[in-house]
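# Structure at a glance
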Amino acid sequence: MGKDVIIACDFATAAETLAFLDRFTDRKPFVKIGMELFYAEGPAMVRELKKRGHRIFLDLKLHDIPNTVKKAMTVLSKLDVDIVNVHAAGTKAMMEAAVEGLTRPDGTRPLLIAVTQLTSTDQTAMERDLLIREPIADVVMHYARTAKAAGLDGVVCSPLEAEEVHEACGRAFLTVTPGIRFADGEAGDQKRIMTPAEAKRIGSDYIVVGRPITKAADPVAAYERCRNDFIG
Ligand code: C5P
């Protein structure tokens, strides 16, 4: 497991998503489906992509009371996705309930990872809106350790945090890192970015790449470039 490029399929419809993925004839990329596409197209979208041979990271970031998350995870476990996630802010009890709900009767389950602090949250917003006064880097590491203690497999984090997460939680604890840009590409709204080659060097397990691939003139070439630089 690990060392792969996950394409963030941030499209609004199944038609757009399938038209985009139809361009990939030699390989079946690992894809991320987020809230927009899942809420628009539902589980049928996941089933269709699985049928076509894609691995799927279902990025729904669950955060609710433990019992509700447990039951929702039981439903998701039947979709046969490869990775799902929750917010670590939901507490250790919620994450433990998520593991329990996700585990199928035969003992297997998709990988479960936690969002630590969203990269859109900065120190100021965390202190002002959430009344969390510790340095954000410490909060991220604390959430990562709590996720590990709850039995999760890894975290979504900034590539800049991946090395420290591995030091705190061990090499086998997965780091899934968005915020990836080519050195000659546009950053867009991402502020703390790394190239695929840098993400490889600091030990990210999976990179999540959206616009540098989806908006490229030649998405297949951009994907192959990412793979070469990251897995290479
Ligand atoms: O287009 P871009 O490469 O910026 O897409 C990155 C993907 O990763 C998007 O789907 C975005 O929502 C997601 N993501 C992120 N930062 C996080 C968590 C998720 O960019 N902290």
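Right above here is the structure, for reference.
Everything in this summary refers to the structure shown in the same document.

All right, on to a negative patch on the surface then. A surface patch of like charges, here negative, comprises Glu134, Asp138, Glu163, Glu164 and Glu167. With 3 residues, the single largest contributor to the negative patch is helix H8 (residues 162–169). Mapped onto the fold, glutamate 164 is located in helix H8. Among the residues examined, glutamate 164 registers a relative accessible area of 38% and is labelled partly exposed.

All right, on to helix H3 (residues 43–51) then. Three or more residues of H3 are buried, namely Met45, Val46 and Leu49. Along the axis of H3, the buried positions cluster into a sector of 100 degrees, meaning they face one direction only. Opposite the packed face of H3, turned more than 90 degrees from it, sit the exposed residues Arg47 and Lys51. Residues of H3 that are buried in the fold lie against helix H1 (14–21), strand E2 (30–34), helix H2 (35–41) and strand E3 (56–62). Directly beyond the C-terminal end of H3, a positive phi value near 95 degrees is found at glycine 53.

Core analysis: the biggest nonpolar cluster contains 63 residues, and Leu58, Met73, Val86 and Ile213 have the highest contact counts within it. In terms of residue count, the dominant contributor to this core is helix H7 (residues 136–149) (6 residues). Listed in part, the 13 residues of the second largest apolar core include Phe57, Leu111, Val115 and Tyr206.

This part covers the side chain of histidine 166. Mapped onto the elements of the fold, histidine 166 is located in helix H8. A relative accessible area of 8% places histidine 166 in the buried class. Once you skip the residues sitting within four places of it in the chain, histidine 166 turns out to touch Arg171, Phe173, Thr175, Gly203 and Asp205.

On to the site of the ligand, then. Around the ligand, the surrounding shell consists of Ala8, Asp10, Lys32, Thr119, Pro178, Arg181, Gln190, Val208, Val209, Gly210, Arg211 and Pro212. Within the contact set of the ligand, a nitrogen atom lies 2.8 Å away from a side-chain nitrogen or oxygen of threonine 119. Glycine 210 is positioned such that a nitrogen or oxygen atom in its backbone is 2.8 Å from an oxygen atom of the ligand. Within the complex, 84% of the 460 Å² of free accessible area of the ligand lies under protein.

What follows covers the sheet that holds E2. Taking strand neighbours around the barrel as the criterion, the 8 strands line up as E1-E2-E3-E4-E5-E6-E7-E8 in a closed arrangement whose pairing is parallel. Across the sheet, the mean angle from the axis of one strand to that of its neighbour is 25 degrees, orientation sign disregarded. Across 3 bridges, E3 lies against strand E4 (residues 83–87) in parallel orientation. Within E4, the residue paired with leucine 58 across the bridge is valine 84.

Each value, and the rule that gives it
Residues numbered from 1 in each chain as written. Predicted model: local features only at pLDDT ≥ 70, side-chain atom pairs only at ≥ 80, totals over all residues. Heavy atoms only, no water. Patch = residues over 30% accessible without salt bridge, like charges linked within 9 Å, V, L, I, M, F, W, Y side chains within 5 Å. Areas by Shrake-Rupley, 256 points an atom, 1.4 Å probe, with all protein chains shown as cover. Salt bridge = Lys/Arg side-chain N within 4 Å of Asp/Glu carboxyl O. Lys, Arg positive; Asp, Glu negative; His and termini not counted. Charge placed at Lys NZ, Arg CZ, Asp CG, Glu CD. Helix = DSSP H or I, 4+ residues; strand = E, 2+ residues; numbered from the N terminus. Buried < 20%, exposed > 50% of the residue type's maximum accessible area, 1.4 Å probe, protein only. Arc of directions from axis to C-beta. Contact = heavy atoms within 4.5 Å. Core = buried A, V, L, I, M, F, W, Y, C linked by side-chain atoms within 4.5 Å. Near = heavy atom within 4 Å. Polar contact = N/O pair within 3.5 Å; in protein donor to acceptor, adjacent residues only side chain to side chain. Pairing = 2+ DSSP bridges. Axes fitted to C-alpha atoms, helices over the stretch in contact; angles between N-to-C directions.

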